[in-house]
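A closer look at the structure
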Amino acid sequence: MAWWEEDRSPLADQLADSSRPVRPVSPYEGDHSGAWASLPWWLLLGAAVTAAGIAVLRFSGTFAVACLGTTVLALGLFYLSQYGTLAFYVLQVGRLRDRRAAAALAHEPPPPLTDHDVRQFHVPFRRSSTGSAFLGLLDPGEGPSPAALRVARVVGGACTGVFVAGAVLTVVAGTLARA
């Protein structure tokens, strides 16, 4: 038997295994952080749609165009509120991870909001086979729902209501203006 085929001591294997960095296991099943790369594009879209809504409102001459501007503005504010709040928490992930690690080293309970929790936050977006899409409110997933996230959900719900009412009023005012 050659020297390289000799049995290695279990202590060497144990030391090698313990020296490898171990990523802490999340208490949650899913991780939505893969979609974070698209956040700047959603924020840019929200800013562009908001600017378009303001421009339409500024230069509206009829009630129907004012309703259209309000509808577009509500859509832009929806994007900014949902994805802006998500970006706010995403930018804090490093600090939250450090706080969680410091609490673990000090043998203290984890802080109320950790990086694992933020990785659960997402804005649901699903396409259907008919070509339509569904965009939901900011969702905490399995994690806790901090105050800014709850406020974003209220603002997003209000923007959705204004958007739907504005769309209906735009169609009605446009129909009445033609008659």
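Anything mentioned here points back to the structure above.
Residues numbered from 1 in each chain as written. Predicted model: local features only at pLDDT ≥ 70, side-chain atom pairs only at ≥ 80, totals over all residues. Heavy atoms only, no water.

Overview of the pattern of salt bridges
Overall, the coordinates contain one salt bridge when judged by the stated rule. Residue Asp-115 is joined to Arg-100 by a salt bridge in which the shortest nitrogen-to-oxygen separation is 2.7 Å. You can see Asp-115 sitting in helix α5 (residues 115–118) and its partner Arg-100 sitting in helix α4 (residues 93–105), a full 15 residues away along the chain. Judged by its relative accessible area of 15%, Arg-100 is buried. (Salt bridge = Lys/Arg side-chain N within 4 Å of Asp/Glu carboxyl O. Helix = DSSP H or I, 4+ residues; strand = E, 2+ residues; numbered from the N terminus. Buried < 20%, exposed > 50% of the residue type's maximum accessible area, 1.4 Å probe, protein only.)

A closer look at the packing of helix α3 (residues 63–90) against helix α6 (residues 147–178)
Put simply, α3 and α6 touch, their axes get as near as 8 Å, and they point 160° apart. Taken together, the axes of α3 and α6 lie roughly antiparallel to each other. In this structure, α3 meets α6 at a crossing whose hand is left-handed. Of the residues in the contact of α3 with α6, the class split is 20 nonpolar, ten polar and one charged. (Axes fitted to C-alpha atoms, helices over the stretch in contact; angles between N-to-C directions. Parallel < 35°, antiparallel > 145°, perpendicular 65-115°, else oblique. Left-handed = near helix turned anticlockwise from the far one by under 90°. Nonpolar A, V, L, I, M, F, W, Y, C, P; charged D, E, K, R; others polar.)

Some remarks on the packing of aromatic side chains
The geometry of an aromatic ring pair is captured by the separation of the ring centres together with the interplanar angle, meaning the angle of the planes. According to the stated counting rule, one finds five aromatic pairs in the structure shown. A centroid spacing of 5.1 Å and a plane angle of 70° characterise the contact between Phe-88 and Tyr-89, whose relative ring orientation is edge-to-face. The exposure class assigned to Tyr-89 is buried, which follows from its relative accessible area of 5%. A centroid spacing of 5.5 Å and a plane angle of 80° characterise the contact between Tyr-89 and Phe-121, whose relative ring orientation is edge-to-face. Remark: Phe-121 occurs in the loop between α5 and β1 (125–127) and Tyr-89 occurs in helix α3; sequence separation between them is 32 residues. For the pair shown, Tyr-89 and Phe-121 are each scored as buried. Here the aromatic residues Trp-42, Phe-78, Tyr-79 and Tyr-83 are joined through ring pairs into a cluster of three or more. (Phe/Tyr/Trp six-rings, centres within 6.5 Å; stacked < 30°, edge-to-face > 60°.)

Some points on the nonpolar core
With 20 residues, the main nonpolar core has Leu-39, Tyr-83, Leu-86, Val-118 and Phe-121 as its most contacted residues. Broken down by secondary-structure element, the contributors of at least two residues to this core are α2 (39–58), α3, α4 and α6. A per-element tally of this core places α3 first, with seven residues. With residues near it in sequence (within four places) discarded, Leu-86 still touches Leu-39, Phe-121, His-122, Val-123 and Leu-138. (Core = buried A, V, L, I, M, F, W, Y, C linked by side-chain atoms within 4.5 Å. Contact = heavy atoms within 4.5 Å.)

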